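# Structural overview for review
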Amino acid sequence: MPAFSLERTPPLTPAEAWRRLTEWPRHAEVVPLTRIEVLTAPPTRPGTRFVARSGVGPVSFDDVMEVTVWRPPVGGEPGLCRLEKRGRVVLGWAEIEVRPGAGSGSRVVWREELRIRFLPRLFDGVLNRTARLMFGRAATQLLSKA
């Protein structure tokens, strides 16, 4: 599936937007039927691993992710977090970039390439639209919840 991106411009400082988007367990609060388990000790850094388990009972899958870039926003410089998807079913990567925006707000860019092993390319369009909708909704909710 080709990569997609979405943008948000919350009225939050870059540091606060970063915090809200990178507290991994919070993602379970906004993604239905999903639990997050962080597999490594805090703080988040390159090498941090976590798994998002989505589904119900036997109809579920794991999205195993590893942080490969961890550069929080500091002193007007943008922040960047890159996650590599290392699961058996869900593959690809995600990037969360947070930079200063208008006034005291921030600009968030979420980029993602998502692949589902064994899913024919015929379904790329549906997967792309579904992923954009789901991750866009998640980003909006994470940025609006304290």
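Residues numbered from 1 in each chain as written. Predicted model: local features only at pLDDT ≥ 70, side-chain atom pairs only at ≥ 80, totals over all residues. Heavy atoms only, no water.

### Focus on the overall build of the protein chain
- Looking only at helices and strands, the protein chain features three helices and seven strands.
- Shown N-terminal to C-terminal, the secondary structure of the protein chain runs as helices and strands in the order β-α-α-β-β-β-β-β-β-α.
- Whereas a compact globule of 146 residues would reach a radius of gyration of roughly 15 Å, the protein chain reaches 15 Å, a difference of no more than 12%.
- Projected onto its principal axes, the C-alpha positions of the protein chain cover 45 × 35 × 25 Å.
- Residues counted as buried form 45% of the 146 residues belonging to the protein chain.
- Across the protein chain, every contact between residues at least 6 apart in sequence was considered, and the portion connecting residues at least 24 apart equals 47%.
- Carbon and sulfur atoms form 60% of the exposed surface of the protein chain, whose accessible area is close to 7900 Å². (Helix = DSSP H or I, 4+ residues; strand = E, 2+ residues; numbered from the N terminus. Rg over C-alpha atoms; globule rule 2.2 N^0.38 Å. Buried < 20%, exposed > 50% of the residue type's maximum accessible area, 1.4 Å probe, protein only. Contact = heavy atoms within 4.5 Å. Areas by Shrake-Rupley, 256 points an atom, 1.4 Å probe, with all protein chains shown as cover.)

### A short note on the nonpolar core
- Membership of the largest hydrophobic core comes to 30 residues, with the highest contact counts inside it found for Leu21, Trp24, Phe50, Leu83, Val98, Trp110 and Phe135.
- Of all the secondary structure elements, the ones that give two or more residues to this core are strand E1 (4-8), helix H1 (14-22), strand E3 (49-56), strand E4 (59-71), strand E5 (79-86), strand E6 (90-100), strand E7 (106-116) and helix H3 (124-144). (Core = buried A, V, L, I, M, F, W, Y, C linked by side-chain atoms within 4.5 Å.)

### Quick word on the sheet that holds E3
- Across the sheet, seven strands lie side by side as E1-E7-E6-E5-E4-E3-E2; this open sheet has antiparallel pairing. Of all the strands in the sheet, just E1 and strand E2 (34-38) have a single pairing partner and so form its edges. Direction aside, the axes of adjacent strands within the sheet are offset by 20 degrees on average.
- Both E6 and E7 contribute to a ladder of eleven bridges, which runs antiparallel. Paired with Val98 across the strands is Val108, a residue of E7. (Pairing = 2+ DSSP bridges. Axes fitted to C-alpha atoms, helices over the stretch in contact; angles between N-to-C directions.)

### A closer look at a nonpolar patch on the surface
- Taken together, the side chains of Leu119, Leu122 and Phe123 define a hydrophobic patch exposed on the protein surface, amounting to about 300 Å² of accessible area.
- Among the structural elements, Leu122 can be located in the loop between E7 and H3.
- Residue Leu122 is classed as exposed on the basis of its relative accessible area, which comes to 72%. (Patch = residues over 30% accessible without salt bridge, like charges linked within 9 Å, V, L, I, M, F, W, Y side chains within 5 Å. Salt bridge = Lys/Arg side-chain N within 4 Å of Asp/Glu carboxyl O.)

### Observations regarding the environment of Val108
- By the secondary structure assignment, Val108 is in strand E7.
- Distance from Val108 to Leu6, taken between C-alpha atoms, is 8.2 Å for residues 102 residues apart in sequence.
- Ignoring anything within four residues of it in the chain, the contact list for Val108 reads Leu6, Glu7, Arg8, Pro10, Ala17, Leu21, Glu97, Val98 and Leu143.

### What about the environment of Pro11?
- With respect to the element layout, Pro11 can be found in the loop between E1 and H1.
- Residue Pro11 is classed as exposed on the basis of its relative accessible area of 77%.
- Spatially, the C-alpha atom of Pro11 lies 9.1 Å from that of Leu143, the residues being 132 residues apart in sequence.

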